[in-house]
Amino acid sequence: MMHLVLLLGLLMGSQAENSLSQYWEEHIGLPHPPHWLTAKASPLNLYQATTFMKLIEENELASHLFLFCKQANVACSTNAPVKNTTDDITLPPIAQWNAAKLKYDDLPNKTSLLVASQGGLPYFRESMVKEGCFMPIPDLRDPISYKSFLPRSLASKIPFSFAKNEELKKIFGVVNESNMDEYIKDTLAICEKSPIRGELCTCVTSAEDLIDFAVEKLGHHVRIWSTESIEGSYENVTIGAVKLIYGNLSKPPVLCHSLPFPFQVYYCHVLPKVKVYVVDIHARKKVNHVIMACHHDTSTWNLNHISFKLLGFGPGLIEVCHWINENGVVWTKTLD
């Protein structure tokens, strides 16, 4: 049967992409999905998804795990955070994932600033980003950049909770205390945390869920922004042009951060009073166009948040800015 799945996958490979394009056109007021989203769409067609769904329900996926991981383009091995597709092999290893960066409340005091900085400044003031200034850039890479979404029908069958963590790890062949084990724990912790006051958040496990959340919060007429590349990671770059692309503080954007997980998962949230910029950073090899989000209301953030440790102020006293990393995305409402 698996040989048949493989053959049908070759014959019907574009079906999933066409399905995403159709869903996009039905829900978003733009003609076609951006390249990065098309690239993240599940390569599985309906027949393959149904077949693998049945294997999961019958607890038989383990014997077909290699084929599943290959055809679904997901990370299944015990220690597979990085595929050999890094743009620059001269960069250090992927920085230690620090889930605390996406938590705005209930943070441990022991969070290491060295880990938090990941080779540069993860948080900074708006006034620090001026043309001609120098700035150390942290690691912009996604720890598992190549992974695809699962189809919504298949993702719904995956146990996505701490309570079923062992079952989830068994499906993807993850062993205890591996890198992937830690990534899964961190991601589930983020997805199950309580939002801070004024925050609307969710974790999405399919391209359709991602589109649905953005439309629910912003309506059908939106614009989508993402950082161009990882260029500048671990470098002391020169800041070039700084352009405000969204400054309506009364209609905050949707920020979606890619999380390390066997398949593509986004943590999407809406926080009040956020401005969005595109910044040219002059890296060693080329100019990178990086998206910057600036939070102008930090009054509900925890006093121990990493940004306050780095910048020396407390909640509500300053705005806090950060870069949007690889595979991250910002959705903004089209202004009338």
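The structure this text deals with has already been given above.
Keep in mind it's a predicted model, so treat the numbers as computed, not measured.

Chemist: Please clarify how the overall build of the chain should be interpreted in this entry.
Modeler: Secondary structure summary: the chain contains 11 helices and 10 strands in total. Every one of the 336 residues in the chain was classed for burial, and the buried ones make up 54%. Within the chain, contacts between residues separated by at least 24 positions form 76% of all contacts whose residues are at least 6 apart in sequence. Accessible area for the chain stands at about 15,100 Å²; split by element, carbon and sulfur atoms hold 53% of it.

Chemist: What's the story with the state of the cysteines in this structure? I'm lost.
Modeler: Two cysteines, two sulfur atoms, one covalent bond between them: this is a disulfide. With the rule as written, the count across this model stands at 4 disulfides. Disulfide pairing is shown between Cys69 and Cys76; the S-S distance is 1.9 Å. For the disulfide bridge between Cys69 and Cys76, the dihedral angle about the S-S bond is near -110 degrees, and by the sign convention the bridge is left-handed. Residue Cys69 shares its accessibility class with Cys76, and that shared class is buried. Two residues share a disulfide in this structure: Cys191 and Cys203, whose sulfurs sit 2.0 Å from each other. Between Cys191 and Cys203, the disulfide has an S-S torsion of -85 degrees and is therefore left-handed. Placement of the pair is Cys191 in helix H9 (residues 179-192) and Cys203 in strand S2 (residues 200-204), with a sequence separation of 12 residues. Exposure remark for Cys203: the relative accessible area of 18% places this residue in the buried category.

Chemist: Just checking my understanding: could you explain the sheet that holds strand S1 (residues 134-136) for this structure?
Modeler: Pairing between the strands of a sheet is mediated by backbone hydrogen bonds and can be parallel or antiparallel. Within the open sheet, the 5 strands sit side by side as S1-S4-S7-S8-S9. Their pairing is antiparallel. Pairing within the sheet leaves two strands with one partner each, and these edge strands are S1 and strand S9 (320-323). The average angle at which neighbouring strand axes cross in this sheet is 45 degrees, direction not considered. Bridge count between strand S8 (residues 287-295) and S9: 4 bridges; the pairing is antiparallel. Bridging across to S9, Ala293 finds its partner in His322.

Chemist: How should I be thinking about the packing of aromatic side chains in this particular structure?
Modeler: Under the definition given, this model contains 9 aromatic pairs. Taken together, a centroid distance of 5.9 Å and an interplanar angle of 35 degrees make the contact between Phe172 and Phe263 tilted. Of this pair, Phe172 sits in the loop between helix H8 (165-171) and H9 while Phe263 sits in the loop between strand S5 (254-259) and strand S6 (265-270), and the two are 91 residues apart along the sequence. Taken as a pair, Phe172 and Phe263 share a single burial class, namely buried. Counting every residue linked through ring pairs, the aromatic cluster contains Phe52, Phe68, Phe160, Phe172, Phe261 and Phe263. Sitting over the ring of Phe313, Arg125 keeps its end group 5.6 Å from the ring centre.

Chemist: Looking at this structure, how should I read helix H4 (residues 46-57)?
Modeler: In an α-helix there are 3.6 residues to a turn, and that puts residues three or four apart on one side. For H4, which comprises 12 residues, the first-to-last C-alpha distance of 16 Å matches the rise-based estimate of 16 Å (1.5 Å per residue) to within 8%. Regarding H4, the residues found buried are Gln48, Ala49, Thr51, Phe52, Met53, Leu55 and Ile56. Here H4 starts with a cap whose side-chain oxygen sits 3.0 Å from the backbone nitrogen of Tyr47, and that cap is Asn45. Looking at the residues trailing H4, positive phi occurs at Asn59, about 55 degrees.

Chemist: Mind showing me how you'd approach the environment of Gly132 here?
Modeler: Note that Gly132 resides in the loop between helix H6 (113-117) and S1. Taking the relative accessible area as the measure of exposure, Gly132 reaches 46% and is therefore partly exposed. It is 9.6 Å that separates the C-alpha atoms of Gly132 and Val237, two residues lying 105 residues apart in sequence. Residues contacting Gly132, with those up to four places away along its chain left out, are Thr238 and Ile239.

Chemist: Quick question: what am I supposed to make of the nonpolar core here?
Modeler: The nonpolar side chains of a soluble globular protein tend to be buried with one another. Grouped together as the largest cluster of nonpolar side chains are 35 residues, with contacts concentrated most on Phe68, Val74, Leu150 and Phe172. Elements supplying a minimum of two residues to this core: H4, helix H5 (65-72), helix H7 (152-155), H8, H9 and S6.

Chemist: Would you take a moment to explain the sheet that holds S2 for this structure?
Modeler: The strand order S2-S6-S5-S10-S3 describes an open sheet built from 5 strands, whose pairing is antiparallel. The open sheet is flanked by S2 and strand S3 (222-225), the only strands paired with a single partner. Strand-to-strand, the axes of this sheet are offset by a mean angle of 20 degrees, without reference to chain direction. Relative to strand S10 (residues 329-333), S3 runs antiparallel, the two being bridged by 4 bridges. Its bridge partner being in S10, Arg223 is matched across the sheet by Thr332. Docked against the sheet, helix H10 (residues 207-218) engages S2, S3, S5, S6 and S10, running at close to 165 degrees with respect to S2.

Chemist: For this particular structure, what's the right way to read the environment of Val222?
Modeler: Tracing the backbone through its elements, the reader meets Val222 in strand S3. Separated by 31 residues in the primary sequence, Val222 and Pro253 place their C-alpha atoms 9.6 Å from one another.

Chemist: Before we go on, may I ask you to explain the pattern of salt bridges in this structure?
Modeler: Think of it this way: side chains of opposite charge can pair up when their charged atoms draw near. Following the criterion strictly, the structure yields 14 salt bridges and no others. Notably, a salt bridge pairs Asp142 with Lys147, separated by 3.3 Å at the nearest N-O pair. Grouping residues by exposure puts Asp142 and Lys147 together as buried. Look at the salt bridges and you will find they share partners, linking Glu166, Lys169, Asp181, Glu182 and Lys185 into a network.

The rules behind each value
- Residues numbered from 1 in each chain as written.
- Predicted model: local features only at pLDDT ≥ 70, side-chain atom pairs only at ≥ 80, totals over all residues.
- Heavy atoms only, no water.
- Helix = DSSP H or I, 4+ residues; strand = E, 2+ residues; numbered from the N terminus.
- Buried < 20%, exposed > 50% of the residue type's maximum accessible area, 1.4 Å probe, protein only.
- Contact = heavy atoms within 4.5 Å.
- Areas by Shrake-Rupley, 256 points an atom, 1.4 Å probe, with all protein chains shown as cover.
- Disulfide = S-S within 2.5 Å.
- Pairing = 2+ DSSP bridges.
- Axes fitted to C-alpha atoms, helices over the stretch in contact; angles between N-to-C directions.
- Phe/Tyr/Trp six-rings, centres within 6.5 Å; stacked < 30°, edge-to-face > 60°.
- Lys NZ or Arg CZ within 6 Å of the ring centre and 35° of its normal.
- Expected span 1.5 Å × (residues − 1).
- Polar contact = N/O pair within 3.5 Å; in protein donor to acceptor, adjacent residues only side chain to side chain.
- Core = buried A, V, L, I, M, F, W, Y, C linked by side-chain atoms within 4.5 Å.
- Salt bridge = Lys/Arg side-chain N within 4 Å of Asp/Glu carboxyl O.

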